[in-house]
Amino acid sequence: MTVLDSLLAFMVAATLLTLTPGLDTALILRTAAAEGGRKAFQAALGIDAGCFIWGAMVAFGLGALIAVSELAFNILKWCGALYLCWLGVQMILRPNSELGGENTSSVKTSNWFIKGMLGNVLNPKMGVFYVSFLPQFIPQGHSPIVWTFGLVAIHVVLGTIWSLALIYATRPLSHILRRGNVIKWMNRATGGLFLFFAFNLALSRR
């Protein structure tokens, strides 16, 4: 496989992965609709940071530990499931919290970066996916470390573009989506979705 073939194949695969609905999409849509584009973009940056953290672990061999060690996988799996449960329960029980919109303080806004990053880093399936997925697109004879970070960067760019598209898609309906009852419904629905992802993660295997 040539360098160009590797890049094109990876871009197609990464685009399909990015467009597949999941936790990241739910988080971006909910945050953009209920709290504004700025917070949603911070969540997207947190997700991107999580991708680079996993990329670093894969590049330096640490990600393989998650792929081969049942104990390491289970520890990370349960941490991720508990974290998603906590987020989901918070949204269900306190559906009107954290509704500062675009004018909240910088300390408050930074929370969405952390939440996006933790949601990604605490998902062991992401690590197993990167360990099994990225090496397939590294041309023979090229540096695995350089190519791993390069492929992760491509994935991050595609994910950021998709996040921006989701954020801008909510803008025409922002006057409806930010009504109190609508926000309460969205938070509870997203909280239920997070609990579903937590349950699914808890039952997952390597």
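Every chain is numbered independently, its residues counted from 1 as its sequence is written. Where totals are concerned, whole chains, interfaces and linings use all residues; where local detail is concerned, this predicted model gives features only for residues with pLDDT of at least 70, and gives and counts side-chain atom pairs only at 80 or more. Remark: hydrogens and water are excluded; side-chain values derive from all non-hydrogen atoms of the structure.

The next thing to look at is the pattern of salt bridges. One side chain can pair with another of opposite charge once the charged atoms of both are near each other. Just to be clear on terms, a salt bridge is a Lys or Arg side-chain nitrogen sitting within 4 Å of an Asp or Glu carboxyl oxygen. A full pass over the atoms with the stated rule returns two salt bridges. The partner of E35 in a salt bridge is K39, with the nearest N and O atoms 2.9 Å apart. By the burial criterion, E35 is buried, and K39 matches it. Residue burial is assigned from relative accessible area. The probe radius is 1.4 Å, only protein chains are included, and a residue is buried under 20% of its type maximum, exposed over 50%, and partly exposed in between.

Let us look at the packing of helix α1 (residues 3–19) against helix α8 (residues 144–170). For helices, the fitted line uses only the C-alpha atoms of the stretch in contact; every axis is such a line through C-alpha atoms, and the angle between N-to-C directions lies from 0 to 180 degrees. Each helix corresponds to a stretch of at least 4 residues labelled H or I by DSSP, and each strand to a stretch of at least 2 residues labelled E; elements are numbered beginning at the N terminus. Taken N-terminus to C-terminus, the directions of α1 and α8 make an angle of 40 degrees; their axes are 10 Å apart at the nearest point. On the basis of their axis angle, the class for α1 and α8 is oblique. Where α1 crosses over α8, the handedness of that crossing is right-handed. From α1, V3, S6, L7, F10, M11, A14, T15, L17, T18 and L19 reach across to α8, where they touch W147, L151, I154, H155, L158, G159 and W162. Put simply, Ala, Val, Leu, Ile, Met, Phe, Trp, Tyr, Cys and Pro go in the nonpolar bin, Asp, Glu, Lys and Arg in the charged bin, and everything else, Gly too, in the polar bin. For the contact of α1 with α8, the class distribution of residues is 12 nonpolar, five polar and no charged. Oblique is the label for any angle not under 35 degrees, not over 145, and not in the 65 to 115 range, which are roughly parallel, roughly antiparallel and roughly perpendicular in turn. Each crossing gets its handedness from the near helix: less than a right angle anticlockwise from the far helix is left-handed, clockwise is right-handed. Contact criterion: two residues are considered in contact whenever any of their non-hydrogen atoms come within 4.5 Å of each other.

Quick look at the UniProt feature "transmembrane region" (unreviewed entry) in the chain now. UniProt positions are given in the numbering used here, feature names are shortened, and annotations may be inferred rather than shown by experiment. According to UniProt, the "transmembrane region" (unreviewed entry) feature falls on residues 46–68, 75–93, 145–165 and 185–203. What you have in residues 75–93 is 100% helix and 0% strand, and the ends, taken at the C-alpha atoms, are 27 Å apart. With 95% helix and 0% strand, the stretch residues 185–203 has end C-alpha atoms that lie 27 Å from each other.

Residues form patches when they are more than 30% accessible in relative terms and have no salt bridge. Like charges link within 9 Å. Nonpolar side chains (Val, Leu, Ile, Met, Phe, Trp, Tyr) link within 5 Å. Exposure was quantified through the Shrake-Rupley algorithm and a 1.4 Å probe, taking into account, for residues, occlusion by the shown protein chains and nothing else. A cluster of nonpolar side chains, F41, L45, F113, I114, L164 and Y168, forms an exposed patch at the surface whose accessible area comes to about 490 Å². Put simply, the parts of the chain that give the nonpolar patch at least two residues each are α3 (37–59), α6 (106–121) and α8. Relative accessible area serves as the criterion here: at 30%, F113 is assigned to the partly exposed category.

On to helix α2 (residues 23–35), then. In a helix, the anticipated span is given by 1.5 Å times the number of residues less one. With 13 residues, α2 ought to run about 18 Å at 1.5 Å a step, and its terminal C-alpha atoms sit 17 Å apart, in line with that. Along α2, 11 of the 13 residues are buried, which leaves the element largely enclosed by surrounding structure. Within α2 the residues assigned to the buried category are L23, T25, A26, L27, I28, R30, T31, A32, A33, A34 and E35. Two residues or fewer after α2 comes G36, characterised by a positive phi angle close to 105 degrees.

Here we come to the nonpolar core. In terms of nonpolar packing, the biggest core is built from 39 residues, with F10, I28, Y130, L134, L151 and F194 touching the most fellow members. Per-element accounting of this core gives the leading share, seven residues, to α3. Those residues in contact with F194, other than ones at most four positions away along the chain, are L23, A26, L27, L84, L87, G88 and M91. For this analysis, a nonpolar core means a set of buried residues of the types Ala, Val, Leu, Ile, Met, Phe, Trp, Tyr and Cys, connected via side-chain atoms within 4.5 Å.

On to the packing of aromatic side chains. Pairing of aromatic rings covers Phe, Tyr and Trp, the last counted by its six-membered ring, and requires centre-to-centre distances within 6.5 Å; plane angles under 30 degrees mean stacked, over 60 mean edge-to-face, and any other angle means tilted. Evaluation of the coordinates by the stated rule reveals three aromatic pairs. Ring plane angle 25 degrees and centroid distance 6.3 Å describe the contact between Y83 and W86, whose orientation is recorded as stacked. With Y83 and W86 both in helix α5 (residues 70–93) and three residues apart, this pair spans about one turn of that helix. A relative accessible area of 12% places Y83 in the buried class. By definition here, charges over rings are those cases where NZ of Lys or CZ of Arg is within 6 Å of the ring centre and within 35 degrees of the ring normal. The cationic tip of K115 hangs over the ring face of W112; the distance from NZ or CZ to the ring centre is 4.4 Å.

Once that is clear, we can look at the layout of surface pockets. A pocket here means an open set of points on a 1 Å grid, computed over the protein atoms alone, that has protein on both sides within 12 Å along at least five of seven lines. A cavity is instead a set of points where a 1.4 Å probe fits but cannot get out; residues with an atom within 4 Å of a point line either one. Grid points are joined across faces, edges and corners, and a volume is the space filled by probe spheres set on the points. Its volume calculated, the largest pocket comes out at about 730 Å³. For the lining of the largest pocket, the secondary structure elements donating two or more residues are α1, α2, α3, α6, α7 (124–133), α8 and α10 (180–202). In terms of residue count, α8 provides more of the lining of the largest pocket than any other element does, seven residues in total. In terms of residue class, the lining of the largest pocket is made up of 15 nonpolar, 12 polar and three charged.

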